[in-house]
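# Topology and contacts: notes
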Amino acid sequence: MVQIRLTNTRTRRKEDLVPIDPANVRLYLCGPTVYDRAHLGNARPVLVFDLLVRLLRHEYGDGAVTYVRNFTDVDDKINAEAQRRKALGSPLSLEALVTERTEETIAWYHADMDALGAMRPDHEPRATEYIAQMIEMTRDLITRGHAYEAEGHVLFDVRSFPDYGKLSGRSVDDMIAGARVEVAPFKRDPMDFVLWKPSTDDLPGWDSPWGRGRPGWHIECSAMSAALLGPHFDIHGGGIDLQFPHHENEIAQSCCAHPGAGFANVWLHNEMLQVEGKKMSKSLGNFFTVRDLLDRGVPGEVIRFVMLSTHYRKPMDWTEAKARDAERHIEKWFFALVQAGYTRRMVEILKEGGVWTPMDAVVDALANDLNASGALAALHEFDLNGTAVQLAPFAASLDLLGFVSDWDEIASIARMGVSTVGEHPAHDRVAALLLDRQEAKRVKDFASADRIRKALEGVGIQVQDAPGGNYSFTLPADFDEAVLDKLDL
RNA sequence: GGUGGGUUGGCGGAGAGGUUACGCACCGGAUUGCAAAUCCGUGAAGACCGGUUCGAUUCCGGUACCCACCUCCA
């Protein structure tokens, strides 16, 4: 058994993970607000937690982990989209349009995260399914003196919770001093935040003791984690941008509603994603979704590789160079496995044979605060020349890291049929030119042979000789056949 | 202004108080008609200034620079 160590934001230290109940390790990840396609940054916490869950299942057993990730389906951006569709003349009700939008977004999210090899959580609660629990928790917080009603709103009283600000290392007084936000006049303290707010007739709403309204953002995670994991569980996480205010407010709500329970033992936060050294933003033109990358032909395994190559607590820079590098490694690894005879059936046989054990170096690296980069380094050092049995530790490591969703598909990812790209119309003409080259090589006219190859390389066609007088070539995906007419041969 | 984090070889990127990270690139060798690919191997670092220590890139303090959060963006 390997001791798993994680950096706990709450204590700012790397600590041994000691599960509350080793037979049921419980995690909660703050999931997406389902108003649009997931961008690349959204994928990072999902992959971090996916890796963590895989490691926990490996160490504690498949059935000994409960992983919850919510969908936030109450949100102004969702309402705005629903209202836009209504304005465009949709016959559906506003509630139906909201549901339509969230359903389609959730389906996209599932498809995109599946493509990255991220396992579905055990529970994926939606905020709209837990409104009753949120109302109950809000009422409870009022009863206990931690919340108050004002002008149709219910607000959490931060001064009633002395530990407020502890997670993010802020004091309420400091934050007020530097605050740039306009403060609603009915707040007792500028830092008080909304548990419940009123809805107008043109917005979704639910009946409550405080009138028709909707919940504040933070209360959903407190209510859903308590409902599915209990008031005290092991690990809670998300992007570092959620540390404040979202997680701070969750702690305040949950700890005040369940005094003495403890809430989450370990807080795990991943750093942000950048693109080519800059923050990803629509205004810089470097904003893209996971689907954009997949549609461009970047395999999910490659995206996963790049994500795992930087430690989760450091800012990660997505670059084209990294994607190319990752693709070469993935292809090389899968190629070696295909050559060793790896298929779904082969993996079953290896598992039955008791040799399906990941490399110690990989498990040790992951156990050390999810050092995925270190795990990849261990994989680089593995000798890929061997039989299926000899490669089993390597393959099981790839499996643990979540790189393989279907062993019968690895051949296509390794691009085994390198010589052609689909049914490109230029294929036969290029093949004819290369036949000339083969003839030139046969009669030792190397000058002509090299001229043909150089000419083809000049228009982007890579030609490689292989043993036995064979050759292969690769046509660029966007190859324009017309350039063949202008070749200088 | 407040809070948190970072600064490693040409580039990317880890761990560890003393022993090769690793990958890419480069260079040398093997192989090849030549390329490509592959295999083997060499070299190359720790922002700056102090302190602790027998010894620090790794711990502590300061300086500079960078980033994030403080705005319902993961």
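Everything numeric here is computed off the predicted structure, so don't read it as measured data.

### Description of the environment of leucine 400
Tracing the backbone shows leucine 400 in helix H14 (residues 388–400). For leucine 400, a relative accessible area of 8% gives the class buried. Sequence spacing of leucine 400 and tyrosine 312 is 88 residues, and the spatial spacing of their C-alpha atoms is 17 Å. When neighbours within four sequence positions are excluded, leucine 400 is seen to be in contact with Leu51, Arg54, Leu55, His58, Pro358, Val362, Val363 and Leu366.

### A look at the packing of aromatic side chains
The final tally for this structure, using the stated rule, is 14 aromatic pairs. Summarising the aromatic geometry, the rings of phenylalanine 305 and phenylalanine 403 are spaced 6.1 Å apart at their centres and angled 40° between planes, so their arrangement reads as tilted. Here phenylalanine 305 is found in helix H9 (residues 300–308), whereas its partner phenylalanine 403 is found in the loop between H14 and helix H15 (410–413), with 98 residues between them in sequence. In this structure, phenylalanine 305 and phenylalanine 403 share a single accessibility class: buried.

### Topic: the protein's contact with RNA strand B
Around RNA strand B lies a shell of 48 residues, among which Lys77, Lys197, Gly239, Leu242 and Arg453 are the nearest. Considering the 4 Å shell around the protein, atoms of RNA strand B inside it are sugar or phosphate in 58% of instances. Take glycine 169: an N or O atom from its main chain is 3.3 Å from a sugar or linking oxygen of RNA strand B. Contributing elements (two or more residues each) for the surface near RNA strand B: helix H1 (40–60), helix H5 (172–178), strand E9 (232–239), helix H10 (320–339), helix H13 (372–380), helix H16 (427–442), helix H17 (446–458) and strand E14 (462–466). Broken down by element, the surface near RNA strand B gets its largest block of residues, four residues, from H10. Residue composition of the surface near RNA strand B, grouped by class: 10 nonpolar, 18 polar and 20 charged.

### Brief notes about helix H2 (residues 76–87)
With 12 residues, H2 extends 16 Å from end C-alpha to end C-alpha; this agrees with the ideal 16 Å at 1.5 Å per step. Here H2 has its buried residues at Ile78, Asn79, Glu81, Ala82 and Arg85. The buried residues of H2 occupy one face: seen down the axis, they fall within an arc of 160°. The inward-facing, buried residues of H2 abut helix H3 (94–115) and strand E8 (213–215). Its side-chain oxygen 2.7 Å from the backbone nitrogen of lysine 77, aspartate 75 forms the N-cap of H2.

### Describing the packing of helix H4 (residues 131–143) against helix H6 (residues 219–229)
Between H4 and H6, the shortest axis-to-axis distance is 9 Å and the interhelical angle comes to 105°. With respect to their mutual orientation, H4 and H6 come out roughly perpendicular. Contacts from Gln133, Met134, Met137, Thr138 and Leu141 in H4 reach Ile219, Glu220, Ser222 and Ala223 in H6. Taken together, the residues of the contact of H4 with H6 break down into five nonpolar, three polar and one charged.

### Re the packing of H9 against H10
Between H9 and H10, the least distance of the axes is 9 Å, while the angle of their chain directions is 115°. In the crossing of H9 with H10, the sense of the turn from one axis to the other is right-handed. Across from Glu301, Val302, Phe305 and Val306 in H9, the residues of H10 making contact are Lys322, Ala323, Ala326, Glu327, His329, Ile330, Trp333 and Phe334. Broken down by class, the residue content of the contact of H9 with H10 amounts to eight nonpolar, one polar and three charged.

### Notes on the nonpolar core
If you look at the biggest cluster of nonpolar residues, it comprises 95 residues, and the most contacted ones within it are Leu40, Leu56, Ile235, Trp318, Phe334, Leu337 and Tyr342. Considering each element in turn, this core owes the most residues, 12 residues, to H1. Those residues in contact with tryptophan 318 that lie beyond four places of it in its chain are Leu40, Leu273, Gln274, Val275, Glu276, Phe288, Leu293, Ile303, Val306 and Ala323. Core analysis: the next-biggest nonpolar cluster, separate from the first, contains 40 residues, Val68, Ile219, Leu242 and Ala257 among them.

### Regarding the side chain of serine 208
Examined against the element boundaries, serine 208 turns out to sit in the loop between strand E7 (193–198) and E8. A residue is classified by how much of its surface remains accessible, and serine 208, at 16% relative accessible area, is buried. Reaching out from serine 208, the side chain makes a polar contact with the side chain of tryptophan 196 at a distance of 3.2 Å. For serine 208, the side chain forms a polar contact with the main-chain oxygen of glycine 211, separated by 2.7 Å. The contact partners of serine 208, leaving out residues within four places of it in the chain, are Ile135 and Trp196.

Scoring rules and cut-offs
- Residues numbered from 1 in each chain as written.
- Chains lettered and ligands numbered in written order.
- Predicted model: local features only at pLDDT ≥ 70, side-chain atom pairs only at ≥ 80, totals over all residues.
- Heavy atoms only, no water.
- Helix = DSSP H or I, 4+ residues; strand = E, 2+ residues; numbered from the N terminus.
- Buried < 20%, exposed > 50% of the residue type's maximum accessible area, 1.4 Å probe, protein only.
- Contact = heavy atoms within 4.5 Å.
- Phe/Tyr/Trp six-rings, centres within 6.5 Å; stacked < 30°, edge-to-face > 60°.
- Near = heavy atom within 4 Å.
- Polar contact = N/O pair within 3.5 Å; in protein donor to acceptor, adjacent residues only side chain to side chain.
- Nonpolar A, V, L, I, M, F, W, Y, C, P; charged D, E, K, R; others polar.
- Expected span 1.5 Å × (residues − 1).
- Arc of directions from axis to C-beta.
- Axes fitted to C-alpha atoms, helices over the stretch in contact; angles between N-to-C directions.
- Parallel < 35°, antiparallel > 145°, perpendicular 65-115°, else oblique.
- Left-handed = near helix turned anticlockwise from the far one by under 90°.
- Core = buried A, V, L, I, M, F, W, Y, C linked by side-chain atoms within 4.5 Å.

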